[in-house]
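Structural characterization, general
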Amino acid sequence: MHDQRLVNLLGAAALAINDVLLAEVHSTGAVSASAASALVTLAQSPGLGVTDLGRRVGLSQSATTRMVDAMEAAGLIRRAPGAGRLVGVSLTPSGSETAGRILAARARRLTALVSDLDAHEREALTELLVKLLARLYGEIGSADLLCRLCDRGCCTRSAVCPVGQAERDREA
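Everything in this summary refers to the structure shown in the same document. Keep in mind that this is a model prediction, so the values were computed, not measured.

1. Quick notes on the environment of A105
With respect to the secondary-structure elements, A105 resides in helix α5 (residues 93-114). Classification of A105 by relative accessible area gives buried; the value is 0%. Here the alpha-carbon distance between A105 and A16, two residues 89 residues apart in the chain, equals 16 Å.

2. Some details on the environment of V160
Mapped onto the elements, V160 comes out in the loop between α8 (152-156) and α9 (162-171). V160 sits in the exposed class, given a relative accessible area of 53%. Sequence separation between V160 and V130 is 30 residues, and the spatial gap between their C-alpha atoms is 9.7 Å. Setting aside anything within four residues of it in sequence, one finds V160 in contact with C155, Q165 and R168.

3. Observations regarding the nonpolar core
Counting residues in each nonpolar core, the largest one holds 23 residues, and the members touching the most others are L39, L53, M71, I77 and I102. Looking at this core, the elements that each hand over two or more residues are α2 (33-44), α3 (50-57), α4 (61-73), β3 (87-91) and α5. Ignoring sequence-local partners within four residues, the contact set of L53 consists of A38, T41, L42, L48, M67 and V68. Judged by nonpolar contacts, the second largest core, of 7 residues, contains L146, C147, V163 and A166.

4. Observations concerning the pattern of salt bridges
If you walk through the whole model with that rule in mind, you get 9 salt bridges. Where D144 meets R55, a salt bridge forms, and the shortest distance between an N and an O atom there is 3.6 Å. Taken together, the positions of D144 in helix α7 (residues 143-146) and R55 in helix α3 put the pair 89 residues apart, joining distant regions of the chain. With a closest N to O distance of 2.7 Å, R79 and D69 form a salt bridge. Highlighted residues: R79 in strand β2 (residues 77-81) and D69 in helix α4, separated in sequence by 10 residues. On the accessibility criterion, R79 (29% relative accessible area) is partly exposed. Residue D69 is classed as partly exposed on the basis of its relative accessible area of 38%. Taken together, the shared-partner salt bridges in this structure form one network comprising D52, R55, R56, D144 and R152.

Criteria and thresholds
- Residues numbered from 1 in each chain as written.
- Predicted model: local features only at pLDDT ≥ 70, side-chain atom pairs only at ≥ 80, totals over all residues.
- Heavy atoms only, no water.
- Helix = DSSP H or I, 4+ residues; strand = E, 2+ residues; numbered from the N terminus.
- Buried < 20%, exposed > 50% of the residue type's maximum accessible area, 1.4 Å probe, protein only.
- Contact = heavy atoms within 4.5 Å.
- Core = buried A, V, L, I, M, F, W, Y, C linked by side-chain atoms within 4.5 Å.
- Salt bridge = Lys/Arg side-chain N within 4 Å of Asp/Glu carboxyl O.

Here it is in C-alpha cells:
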C-alpha cells in the first residue's frame, strides 16, 4: 500500500513538473516543446544533421524536417552544407538567444519548485534523482534524448552527470 502511494505521488509530481516546464517553455520561447529541445540541443551541439537532431529530440524524420523548416522560417536556425551529403543545422543569433531564455526560464521555475526544501532535503532529493536518472537511462537508452532540455554544463561543473555516467558504464 505504501509503495502504491509513493508511485502515485511520483507520477503526479512528474506530470505536474512536466506541465509547469512546458508552460514555461511556451511562454519564453514561443516554440513547441520539441523545438525548445532542438534549440537547446543545437546550442550545445551545433552543426548536427537533421536526422541526428531528430533522434536527439525524439522525433521521426518527417516531423523533424517540418520542425526544422518552421524554425528556419522563424529565423531561429539555419542549414549549411556539411561533410558529404550532410546538411548541418545551427542556431542563428535569435535562436541562441531563445535557447538561453528557455534554459534560464527552466532553471528559474525548477529553482522555485525546490525553494521550500531545506539544504538537507535538497541534498537528499539530489541523491534520489541521481539514482532515478541512472535507472531511466537504462530504460530510455539515450543520454541525448533523456537530457534534451538539460543545461548540461550545470550538471557537470561540480559533479558527474548521472546519465552520462550510466552511458559510460553501459559502453564499458
